[in-house]
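A look at the structure
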Amino acid sequence: MLLKLIRFSLGNLIIFLNWIIPPLKQKRTKEDQTINDQKTKFITLYQFHLCPFCVRVRRNIKRLNLTIKYKDAKRNTVHRDELKEGGGKVKVPCLKIETNDEITWLYESKMIINYLNTQFDNSNLIH
């Protein structure tokens, strides 16, 4: 019970700090943003709202100025079942990447952030 209370309190504190100190969004040309929006149509983040690792991934998504669908696997049993069936386990954060006929389920916040940065971070292109 005490552990749940601590986890809940810290989660809300992290969410609050994330709200008052948002990351700076990466700027792109309209054409580059349109290209990225097309690429991100096939990417979904399965997450829990209060999970600090999920907050970290969401901050990176916001910093990269990406339009990625979020699915809450804690509150929504359909999303939880999708994650378990597709990825094999209910663990968040998890990035579902659909390319052609292939689906990749990427776990671990560091790996997700590295993937997103590799695919979408072009901060050195616009000053």
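In case you missed it, the structure is sitting above this.
What comes next concerns the included structure.

A separate point is the overall build of the chain. What the chain contains, in helices and strands, is five helices and four strands. The C-alpha atoms of the chain give 15 Å as radius of gyration, which agrees with the globular expectation for 127 residues (14 Å, within 12%). Projecting the C-alpha coordinates of the chain onto the three principal axes gives extents of approximately 50 × 40 × 20 Å. In the chain, which comprises 127 residues, the share counted as buried stands at 34%. Restricting the contact set of the chain to residue pairs at least 6 apart, pairs at least 24 apart contribute 64%. For the chain, the accessible area works out to roughly 8,600 Å², and carbon and sulfur atoms hold 59% of it.

Another aspect to go through is the nonpolar core. One finds Leu45, Ile61, Leu66, Ile68, Leu95, Ile112 and Leu116 to be the most contacted residues of the largest nonpolar core, which totals 14 residues. For this core, the elements supplying multiple residues, two or more each, are strand S1 (43-47), helix H3 (52-63), strand S3 (94-99) and helix H5 (109-120). Contact partners of leucine 66, with chain neighbours within four places excluded, come to Arg28, Thr40, Ile61, Leu116 and Phe120. With ten residues, the next largest nonpolar core counts Tyr46, Ala73, Val92 and Tyr107 among its residues.

Under the criterion given, the structure shown has four salt bridges. Two residues, aspartate 121 and arginine 63, come together in a salt bridge whose shortest N-O distance is 3.7 Å. Taken together, the residues aspartate 121 in the segment after H5 and arginine 63 in helix H3 connect sequence positions 58 residues apart. Residue lysine 71 pairs with glutamate 82 through a salt bridge whose shortest N-O separation is 2.9 Å. Residue lysine 71 is found in strand S2 (residues 69-72), and its partner glutamate 82 is found in helix H4 (residues 77-87); the two are separated by eleven residues along the sequence.

In this structure, the largest pocket encloses a volume near 410 Å³. Looking at the largest pocket, it is lined by 15 residues, and the ones nearest its centre are Arg7, Phe48, Leu50, Cys51 and Lys74. Going through the elements one at a time, helix H1 (2-20) and H3 are the ones with two or more residues in the lining of the largest pocket. The greatest single-element share of the lining of the largest pocket, amounting to six residues, is contributed by H1. Here the lining of the largest pocket is composed, by residue class, of eight nonpolar, two polar and five charged.

Their axes nearest at 10 Å, the elements H1 and H3 cross at an angle of 15°. Between H1 and H3, the interaxial angle falls into the category roughly parallel. Seen from above, H1 lies across H3 with right-handed handedness. Taking contact as the criterion, the partners of Ile14, Ile15 and Asn18 in H1 are, on H3, Pro52, Val55, Arg58 and Arg59. Split by residue class, the contact of H1 with H3 holds four nonpolar, one polar and two charged.

For the rest of this paragraph, the subject is a positive patch on the surface. Among the surface-exposed residues, Lys4, Arg7, Lys74, Arg75 and Arg80 lie close enough to one another that they form a single positively charged patch. Secondary-structure assignment places arginine 75 in the loop between S2 and H4.

Rules behind the numbers
- Residues numbered from 1 in each chain as written.
- Predicted model: local features only at pLDDT ≥ 70, side-chain atom pairs only at ≥ 80, totals over all residues.
- Heavy atoms only, no water.
- Helix = DSSP H or I, 4+ residues; strand = E, 2+ residues; numbered from the N terminus.
- Rg over C-alpha atoms; globule rule 2.2 N^0.38 Å.
- Buried < 20%, exposed > 50% of the residue type's maximum accessible area, 1.4 Å probe, protein only.
- Contact = heavy atoms within 4.5 Å.
- Areas by Shrake-Rupley, 256 points an atom, 1.4 Å probe, with all protein chains shown as cover.
- Core = buried A, V, L, I, M, F, W, Y, C linked by side-chain atoms within 4.5 Å.
- Salt bridge = Lys/Arg side-chain N within 4 Å of Asp/Glu carboxyl O.
- 1 Å grid on protein atoms, 1.4 Å probe; cavity = no way out; pocket = protein on both sides within 12 Å on 5 of 7 lines; lining within 4 Å.
- Points joined across faces, edges and corners; volume = space filled by probe spheres on them.
- Nonpolar A, V, L, I, M, F, W, Y, C, P; charged D, E, K, R; others polar.
- Axes fitted to C-alpha atoms, helices over the stretch in contact; angles between N-to-C directions.
- Parallel < 35°, antiparallel > 145°, perpendicular 65-115°, else oblique.
- Left-handed = near helix turned anticlockwise from the far one by under 90°.
- Patch = residues over 30% accessible without salt bridge, like charges linked within 9 Å, V, L, I, M, F, W, Y side chains within 5 Å.
- Lys, Arg positive; Asp, Glu negative; His and termini not counted.
- Charge placed at Lys NZ, Arg CZ, Asp CG, Glu CD.

Nothing here speaks to function; it is all geometry.
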